[in-house]
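Each chain, written out:
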Amino acid sequence: MQSVDRAVTVLELLARNGEVGITEIAGELGVHKSTASRLVSVLESRGLVEQLGERGKYAIGFGIVRLAGAATERLDLSRIGQSYCDSLATELGETVNIAIRDYDVAINISQARGTASVTAHNWVGQRTPLHATSSGKVLLSHAPREDQDRILARKLEQYTEQTVIAARQQRKDFELIVRDGYATSYEEFEIGLNAAAVAVYDHEGNVVAALSASGPTYRFTRKRVREAVGYLRDAAADLSAQLGFMPSVAGE
């Protein structure tokens with residue numbers, strides 16, 4: 001934790017002063033110059049700081065821009081996506097969410113509850129499993145193969161009797177999700193809860209989020225879930241276009 005704190009201190013120092021030398025960094029951290037130099041070298045290797053000229057001072061690197069851009073993209077997605085959640089929740093009468101993948105979990109960043117919703121549960125900010133939710137399945141099925149392998153190599157938690165925990169079956173499901181363009185969860189995460197989700201794409205054609213609808217099994221039946229997929233697809237296509245996605249270009 002001390003190394004992380006020192007790294008953040010260095011970045012804050014550079015952001016505040018623009019250009020800083022090793023001697024100044026060491027003084028700010030209260031460490032020997034060799035220690036400061038090793039820390040800066042690690043930050044430099046990740047593109048978070050850069051050296052201005054040979055053996056010169058250091059400044060914020062373009063890696064920070066990449067990280068800031070990712071955070072901004074999430075904020076934009078949440079802001080733009082909220083209106084789609086609101087409209088879908090009104091049309092379907094069920095809870096609608098937008099979720100993104102954060103390493104090995106899905107995080108809900110936007111939500112709207114329909115008029116028919118009987119639950120007051122707020123999913124915004126909640127972390128949910130990738131293998132047992134419709135949004136998680138969409139995100140995981142489009143994740144890099146190495147991420148899939150890492151997650152499926154673990155012992156997956158079985159939330160209900162319906163939760164699929166076999167890696168081989170998960171992989172088969174990934175193929176179907178990519179082929180059909182949507183994922184479902186029938187009481188796999190919670191008893192009495194069904195859901196469906198579709199992918200949201202960014203300007204580069206990457207899946208950046210999942211748009212889902214969920215509701216109680218007595219009302220959001222399998223038939224209703226299949227019907228909801230059409231609404232979700234239309235909304236996700238519009239939302240993706242708002243993020244700059246162009247299907248014809250992405251397919252070239």
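Let me sum up the structure you'll find in this document. As the structure is a computational prediction, the values presented were derived from the model and not from experiment.

Criteria and thresholds
- Residues numbered from 1 in each chain as written.
- Predicted model: local features only at pLDDT ≥ 70, side-chain atom pairs only at ≥ 80, totals over all residues.
- Heavy atoms only, no water.
- Phe/Tyr/Trp six-rings, centres within 6.5 Å; stacked < 30°, edge-to-face > 60°.
- Helix = DSSP H or I, 4+ residues; strand = E, 2+ residues; numbered from the N terminus.
- Lys NZ or Arg CZ within 6 Å of the ring centre and 35° of its normal.
- 1 Å grid on protein atoms, 1.4 Å probe; cavity = no way out; pocket = protein on both sides within 12 Å on 5 of 7 lines; lining within 4 Å.
- Points joined across faces, edges and corners; volume = space filled by probe spheres on them.
- Nonpolar A, V, L, I, M, F, W, Y, C, P; charged D, E, K, R; others polar.
- Polar contact = N/O pair within 3.5 Å; in protein donor to acceptor, adjacent residues only side chain to side chain.
- Contact = heavy atoms within 4.5 Å.
- Salt bridge = Lys/Arg side-chain N within 4 Å of Asp/Glu carboxyl O.
- Buried < 20%, exposed > 50% of the residue type's maximum accessible area, 1.4 Å probe, protein only.
- Axes fitted to C-alpha atoms, helices over the stretch in contact; angles between N-to-C directions.
- Parallel < 35°, antiparallel > 145°, perpendicular 65-115°, else oblique.
- Left-handed = near helix turned anticlockwise from the far one by under 90°.

**Quick notes on the packing of aromatic side chains**
- The full count for this structure, using the stated rule, is two aromatic pairs.
- Relative to F189, the ring of Y159 lies with its centre 5.1 Å away and its plane at 70°, an arrangement referred to as edge-to-face. Taken together, the residues span a long stretch of sequence, with Y159 in the loop between α6 (145-152) and α7 (167-180) and F189 in the loop between β6 (182-186) and β7 (193-201) at a distance of 30 residues.
- Ring centres of Y201 and F245 lie 4.8 Å apart, and the angle between their planes is 20°; on these two criteria the pair is classed as stacked. In this pair, Y201 sits in strand β7 while F245 sits in the loop between α8 (222-242) and α9 (247-250), placing the two residues 44 residues apart along the sequence.
- The ring centre of Y186 lies 3.9 Å from the NZ or CZ of R222, which sits over that ring.

**Section: empty space enclosed by the protein**
- Enumeration according to the criterion identifies one cavity of 30 Å³ or more in this entry.
- Roughly 220 Å³ of volume is contained in the largest cavity.
- Lining the largest cavity are 15 residues, with T133, L193, A195, S212 and S214 positioned closest to its centre.
- Its residues placed into classes, the lining of the largest cavity shows five nonpolar, ten polar and no charged.

**Remarks on the layout of surface pockets**
- By volume, the second largest pocket amounts to about 340 Å³.
- Around the second largest pocket, the lining comprises 14 residues; the ones closest to its centre are K137, D173, A183, T184 and Y186.
- Elements represented by at least two residues in the lining of the second largest pocket include exactly α7, β6 and α8.
- Of the residues in the lining of the second largest pocket, the class split is six nonpolar, two polar and six charged.

**Here's the deal with the side chain of S212**
- As for its position among the elements, S212 is in strand β8 (residues 207-216).
- At 3.3 Å, the side chain of S212 and the side chain of S135 are in polar contact.
- When residues no more than four places from it in sequence are discounted, the contact partners of S212 are T95, V96, N97, S134, S135, A196, A197 and L232.

**A look at the pattern of salt bridges**
- Applying the stated criterion across every chain yields a total of twelve salt bridges.
- Notably, a salt bridge pairs R145 with D149, separated by 2.9 Å at the nearest N-O pair. Residue R145 and its partner D149 are both found in helix α6; the two are separated by four residues, about one turn of the helix.
- Taking the shortest distance from any N to any O, the salt bridge between D147 and R150 comes out at 3.1 Å. Placement of both D147 and R150 in helix α6 is noted, with a separation of three residues, approximately one turn of the helix.
- Under the relative-accessibility criterion, D147 is labelled buried at 15%.
- Look at R150 and you get partly exposed, because its relative accessible area is 36%.

**Structural notes on the packing of α6 against α7**
- Interhelical geometry of α6 versus α7 gives an angle of 150° and a closest axis separation of 10 Å. When the interaxial angle is binned, α6 and α7 end up roughly antiparallel. The handedness of the crossing between α6 and α7 comes out as right-handed. In contact with R145, Q148, D149 and L152 of α6, α7 contributes A167, Q170, R171 and F174.

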